[in-house]
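Below, each chain spelled out in residue letters.
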Amino acid sequence: AQSVTQLDSHVSVSEGTPVLLRCNYSSSYSPSLFWYVQHPNKGLQLLLKYTSAATLVKGINGFEAEFKKSETSFHLTKPSAHMSDAAEYFCVVRDYGGATNKLIFGTGTLLAVQP
Amino acid sequence: DGGITQSPKYLFRKEGQNVTLSCEQNLNHDAMYWYRQDPGQGLRLIYYSQIVNDFQKGDIAEGYSVSREKKESFPLTVTSAQKNPTAFYLCASSTRPGTDSYEQYFGPGTRLTVT
């Protein structure tokens, strides 16, 4: 069965400093992995996705993630945080248990950006 | 503009009443999903539908019902049998499984409060 674990429930950074949000996955198959972002009281927006092409995936708003099979990780990074990056971030794996597009969500990491 | 609309944004109901949440999409997606979001728990799948007139239970379907009479619409009814209905409800859609682009697109959500 597929699963994801987000290692930090809260991360706080200063504006202009790097962001690292950690995610480990478990999958019996070559996984499809995603990062979504949710601003308060809003829906989720796709930041980036990994689907077995390049291991370094670039997303929107300067975010990127690296797929590391040896470490079963898919950490999200950004070189310089902006105040508008403050939000909740979800690491997600596609469920291959059936012929569906079901997704399995991590419990989320709340990113705070201090001025 | 293509997208997913959910209405209303906020909904208040008395305990014991059924309530229906609306979800409409104009993305021409075959598959639609309903999720429930509670603090610290990520998103949990309630129901999903891969095609008109067909739907399947997700992980937490008890106390909920859905219909899929039209491709564009996937309403969710929260019944009085749902023990803890107060939550943020998110609707999503995606292309049919087996296509290349299968990420889910989310609506803005409905916050339901039952007292």
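Up top you'll find the structure we're talking about.
Basis of the calculations
Residues numbered from 1 in each chain as written. Chains lettered and ligands numbered in written order. Predicted model: local features only at pLDDT ≥ 70, side-chain atom pairs only at ≥ 80, totals over all residues. Heavy atoms only, no water. Disulfide = S-S within 2.5 Å. Helix = DSSP H or I, 4+ residues; strand = E, 2+ residues; numbered from the N terminus. Buried < 20%, exposed > 50% of the residue type's maximum accessible area, 1.4 Å probe, protein only. Salt bridge = Lys/Arg side-chain N within 4 Å of Asp/Glu carboxyl O. Contact = heavy atoms within 4.5 Å. Buried area = accessible area lost by both parts, 1.4 Å probe. Polar contact = N/O pair within 3.5 Å; in protein donor to acceptor, adjacent residues only side chain to side chain. Nonpolar A, V, L, I, M, F, W, Y, C, P; charged D, E, K, R; others polar. Phe/Tyr/Trp six-rings, centres within 6.5 Å; stacked < 30°, edge-to-face > 60°.

Here the focus is the state of the cysteines. Residues and elements named next belong to chain B. Applying the stated criterion across every chain yields a total of two disulfides over all chains. Each sulfur of the disulfide joining C23 and C91 lies 1.9 Å from the other. Taking the torsion about the sulfur-sulfur bond, which here is approximately -75°, the covalent link between C23 and C91 counts as left-handed. Separated by 68 residues along the polypeptide, C23 in strand 3 (residues 19-25) and C91 in strand 9 (residues 87-94) bring together distant segments of the chain. Accessibility expressed as a relative area gives 0% for C91, which makes it buried.

This part covers the pattern of salt bridges. Between side chains of opposite charge, pairing is possible as soon as their charged atoms come close. All names here are of chain B. What the rule picks out here adds up to seven salt bridges over all chains. D30 is paired through a salt bridge with K71; the nearest N and O atoms lie 3.6 Å apart. One end of the pair, D30, is in the loop between strand 3 and strand 4 (31-37); the other, K71, is in the loop between strand 7 (64-66) and strand 8 (76-78), with 41 residues separating them in the sequence. Judged by relative accessible area, which is 23%, K71 ranks as partly exposed. Three or more residues joined by partner-sharing salt bridges are found here, namely R36, D38 and R44.

Let us look at the interface of chain B and chain A. The partner chain A presents 23 residues to the 28 residues of chain B that form the contact. In this assembly, chain B packs against chain A so that about 1900 Å² is buried in total across both faces, 52% of it on carbon and sulfur atoms. Along the contact surface separating chain B from chain A lie one salt bridge. The residue E103 of chain B makes a salt bridge to K49 of chain A at a minimum N-O spacing of 2.7 Å. For the interface between chain B and chain A, the tally reads five residue pairs in polar contact (both at pLDDT 80 or more). Elements represented by at least two residues in the side of chain B that touches chain A include exactly strand 4, strand 5 (43-51) and strand 9 of chain B. Considering every element that reaches the side of chain B that touches chain A, the biggest residue donor is strand 5 of chain B, with four residues. For the side of chain B that touches chain A, the residue count by class is twelve nonpolar, eleven polar and five charged.

Here we take up the side chain of Q37 of chain B. For Q37 of chain B, the position within the fold is in strand 4. Within polar-contact distance, the side chain of Q37 of chain B engages the side chain of Q38 of chain A at 2.8 Å. Setting aside chain neighbours within four positions, we find Q37 of chain B in contact with Q38, E88 and F90 of chain A together with G42, L43, A87, F88 and L90 of chain B.

Let us now look at the packing of aromatic side chains. The geometry of an aromatic ring pair is captured by the separation of the ring centres together with the interplanar angle, meaning the angle of the planes. What the rule picks out here adds up to 15 aromatic pairs over all chains. A ring pair is formed by Y36 of chain A and F105 of chain A, whose centres lie 6.3 Å apart and whose planes are at 40°; its orientation type is tilted. Within this pair, whereas Y36 of chain A is found in strand 5 (residues 33-38), its partner F105 of chain A is found in strand 11 (residues 103-105), the two being separated by 69 residues in sequence. Residue class for Y36 of chain A comes out buried when judged on its relative accessible area of 0%. A ring pair is formed by Y35 of chain B and F106 of chain B, whose centres lie 5.7 Å apart and whose planes are at 35°; its orientation type is tilted. Placement of Y35 of chain B in strand 4 and of F106 of chain B in strand 10 (residues 105-106) is noted, with a sequence separation of 71 residues between them. Assigned by exposure class, Y35 of chain B and F106 of chain B land together as buried.

Residues and elements named next belong to chain A. Here T109 is to be found in strand 12 (residues 109-114). When its relative accessible area of 1% is taken as the criterion, T109 is described as buried. At 3.2 Å, the side chain of T109 and the side chain of Q6 are in polar contact. Reaching out from T109, the side chain makes a polar contact with the backbone oxygen of D8 at a distance of 2.6 Å.

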